[in-house]
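The chain contents come next:
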Amino acid sequence: MTKQISMREIKGIINSENPTEHWGFLPVKDETILDLGCGINNNEHIPTPMYWIQNGAKQVYGIDPSQPSYEWFKTNFVVKNCLFIMDYVDRVEKFELYIGAVEPTVCKIDVEGSEIFMNAIDPQLLETVKHFGIEYHNLPCLLSIENLLENNGYTLEYYKFNHLDIDYQGVLHAYKD
């Protein structure tokens, strides 16, 4: 049975790409973070990998398909506990590859619609992930992600973009205690 979107309680409103506002609900200090979709949006806010490191992340793995973003990170943000990989996470095998190899405690996903492929991930790979932050890009993506995460013991919270309908796009925080 599918839940109605009106049953979802909105935990907060997101007004910008500022990582503190957009992803501030995720724990950072001493965490191993897998950042799927870590590219540089604009010069208005720091990129998420910098935010994670500045806030005490133990290790950050940033994955993004953008050549300019990759080159920018390799030139301007060289730190020992941050690894960047240029790749497009566009199928279930890529999610399984990176989550399985990194074994993150926190996973941030902003992959412009490809998050729908998480619905087929091997649930055993989720065992190390205590927190997911997922920007979803349509209702089918949200419904499939909700199903996977709820069936694997995660509590769900919803964040709405001020200018968008929650059915179209928002951010899902899933966590386990």
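Residues numbered from 1 in each chain as written. Predicted model: local features only at pLDDT ≥ 70, side-chain atom pairs only at ≥ 80, totals over all residues. Heavy atoms only, no water.

Student: Hey, could you go over the overall build of the protein chain for me, with residue numbers and the actual values?
Tutor: Secondary structure summary: the protein chain contains five helices and eight strands in total. Secondary structure of the protein chain in N-to-C order comes out as β-α-β-α-β-α-β-α-β-β-α-β-β. Projected onto its principal axes, the C-alpha coordinates of the protein chain cover approximately 50 × 35 × 30 Å. Looking at the 177 residues of the protein chain, the share that counts as buried comes to 51%. Long-range contacts, defined here as pairs at least 24 residues apart, represent 68% of the contacts in the protein chain between residues at least 6 apart. Carbon together with sulfur atoms contributes 49% to the accessible area of the protein chain, which is approximately 8700 Å² in total. Charge-centre separation for the protein chain: the mean point of 13 positive side chains lies 5 Å from the mean point of 26 negative side chains. (Helix = DSSP H or I, 4+ residues; strand = E, 2+ residues; numbered from the N terminus. Buried < 20%, exposed > 50% of the residue type's maximum accessible area, 1.4 Å probe, protein only. Contact = heavy atoms within 4.5 Å. Areas by Shrake-Rupley, 256 points an atom, 1.4 Å probe, with all protein chains shown as cover. Lys, Arg positive; Asp, Glu negative; His and termini not counted. Charge placed at Lys NZ, Arg CZ, Asp CG, Glu CD.)

Student: Can you explain the packing of aromatic side chains? Please cite residues and give values.
Tutor: This structure, assessed with the given rule, holds seven aromatic pairs. Ring geometry for Phe-25 and Tyr-159: centres 4.6 Å apart, planes at 15 degrees, overall stacked. Of the two residues, Phe-25 is situated in the loop between helix 1 (19–22) and strand 2 (32–36) and Tyr-159 in strand 7 (residues 155–161); the sequence distance between them amounts to 134 residues. By relative accessible area, which is 16% here, Phe-25 ends up buried. (Phe/Tyr/Trp six-rings, centres within 6.5 Å; stacked < 30°, edge-to-face > 60°.)

Student: Could you give me a rundown of the environment of Ala-57, with the residues and numbers involved?
Tutor: Structurally, the position occupied by Ala-57 is in the loop between helix 2 (48–54) and strand 3 (59–64). Since its relative accessible area comes to 6%, Ala-57 is described here as buried. A sequence separation of 89 residues divides Ala-57 from Glu-146, and the C-alpha atoms of the two residues are 26 Å apart. Discounting residues that sit within four places of it in the chain, Ala-57 has contacts with Val-28, Lys-29, Asp-30, Glu-31, Ile-33, Trp-52 and Asn-81.

Student: Please set out the pairing of strand 3 residue by residue, giving values where relevant.
Tutor: The element strand 3 is extensively covered by neighbouring structure, given that five of its six residues are classed as buried. Bridge count between strand 2 and strand 3: five bridges; the pairing is parallel. Bridge pairing in strand 3 links Ile-33 to Val-60. In this sheet, strand 4 (residues 82–86) lies alongside strand 3 in parallel orientation, the contact comprising five bridges. Each bridged residue has a counterpart across the sheet, and for Ile-63 the counterpart in strand 4 is Ile-85. Tracing the backbone out of strand 3, into helix 3 (residues 67–76) and back to the parallel element strand 4 gives a crossover that is right-handed. (Pairing = 2+ DSSP bridges. Right-handed = clockwise from strand over helix to strand, strands pointing away.)

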